[in-house]
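# Analysis of the macromolecular model
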Amino acid sequence: MINSKNLIIRQLELGDEEYLYKWWNDGDMMEHATHVFGTLQSKESIKKSILKDIEDTTMFPNSKRFIICKKDTLVTIGEINYSNWDSRNQKAELGIKICNIEEQGKGNGVDALYHFIDFMFKFLNINKIELTTMSDNKRAQQLYRKLGFKEIGIIREAYFDSRYGKFADVMYMDLLKKDWDNLKSDILKFERIEELI
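These notes cover the structure that comes with them. This structure is a prediction, so every number in the text was calculated from the model and none was measured.

Before going further, it helps to examine the side chain of Asp118. Locating Asp118 in the fold gives a position in helix α4 (residues 108–123). Separated by 3.1 Å, the side chains of Asp118 and Trp180 make a polar contact. Here Asp118 is in contact with Trp180 and Lys184, once residues within four sequence places are set aside.

Set out below in structure tokens:
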């Protein structure tokens, strides 16, 4: 488990399909990721995916999803993951979603990302974390910039956007380990993380 002052980031467990099914099939929740109808996945298929993850004995899997919980109540509020881990080129991709509407805008994203980014650099021994956001997702881009991510460029018409029924541009961002180390030394005290919120 990854612990912060206010959150716990834990591995998937049986039963989490209830949360993921609700979140992934909520068009309003998934709209920013261009899935206005949700992902249209059944609860059973999500459960099978969780079982596969649980049964995987690989120490360093190519991708891994985690659940974000409030530390004091263990209420599940979202998910975070890494994917496309490339050991040769020492990079991986990152994704996060605070899915409990009541917990959005309270700094949980910064809190979870700060500790998960640190985990990724230490656990996966990587040099770079990459991510993409829809070019109009200014809120997410602002959050990533606070944690040191830099805009690398725009990938033109990279995803089909079901919000508008056409292809849309995506912003590509990354964070280098050396930049994280410099930023982290500046944020070392948790009080500074709260200032970022």
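Note that strand β6 (residues 128–134) and strand β8 (residues 166–176) share 7 bridges and pair antiparallel. Within β8, the position partnered with Ile129 by the bridge is Leu175. Here 8 bridges tie strand β7 (residues 150–161) to β8, and the two strands are oriented antiparallel to one another. If you follow Tyr159 over to β8, its bridge partner there is Ala168. In textbook terms, the turn of a hairpin is the stretch between consecutive antiparallel strands, and for β7 and β8 this stretch comprises 4 residues, one of which, Gly165, has a positive phi near 70°.

Before going further, it helps to examine the side chain of Asp174. Among the structural elements, Asp174 can be located in strand β8. Residue Asp174 is classed as buried on the basis of its relative accessible area of 10%. Excluding anything up to four places from it in sequence, Asp174 contacts Lys128, Ile129, Glu130, Gly148, Phe149, Lys150 and Ile152.

Right, let's talk about the packing of aromatic side chains for a bit. Counting across every chain of the model gives 11 aromatic pairs. Seen in terms of ring centroids, Phe60 and Trp85 are 5.9 Å apart; in terms of plane orientation they differ by 45°. Their pairing is tilted. Separated by 25 residues along the polypeptide, Phe60 in the loop between α3 (43–55) and β3 (64–70) and Trp85 in strand β4 (residues 76–86) bring together distant segments of the chain. Relative accessible area serves as the criterion here: at 35%, Phe60 is assigned to the partly exposed category. Put simply, the rings of Phe60, Phe66, Trp85, Phe116, Phe119 and Phe123 pair up and form one aromatic cluster.

The rules we used
- Residues numbered from 1 in each chain as written.
- Predicted model: local features only at pLDDT ≥ 70, side-chain atom pairs only at ≥ 80, totals over all residues.
- Heavy atoms only, no water.
- Helix = DSSP H or I, 4+ residues; strand = E, 2+ residues; numbered from the N terminus.
- Polar contact = N/O pair within 3.5 Å; in protein donor to acceptor, adjacent residues only side chain to side chain.
- Contact = heavy atoms within 4.5 Å.
- Pairing = 2+ DSSP bridges.
- Buried < 20%, exposed > 50% of the residue type's maximum accessible area, 1.4 Å probe, protein only.
- Phe/Tyr/Trp six-rings, centres within 6.5 Å; stacked < 30°, edge-to-face > 60°.

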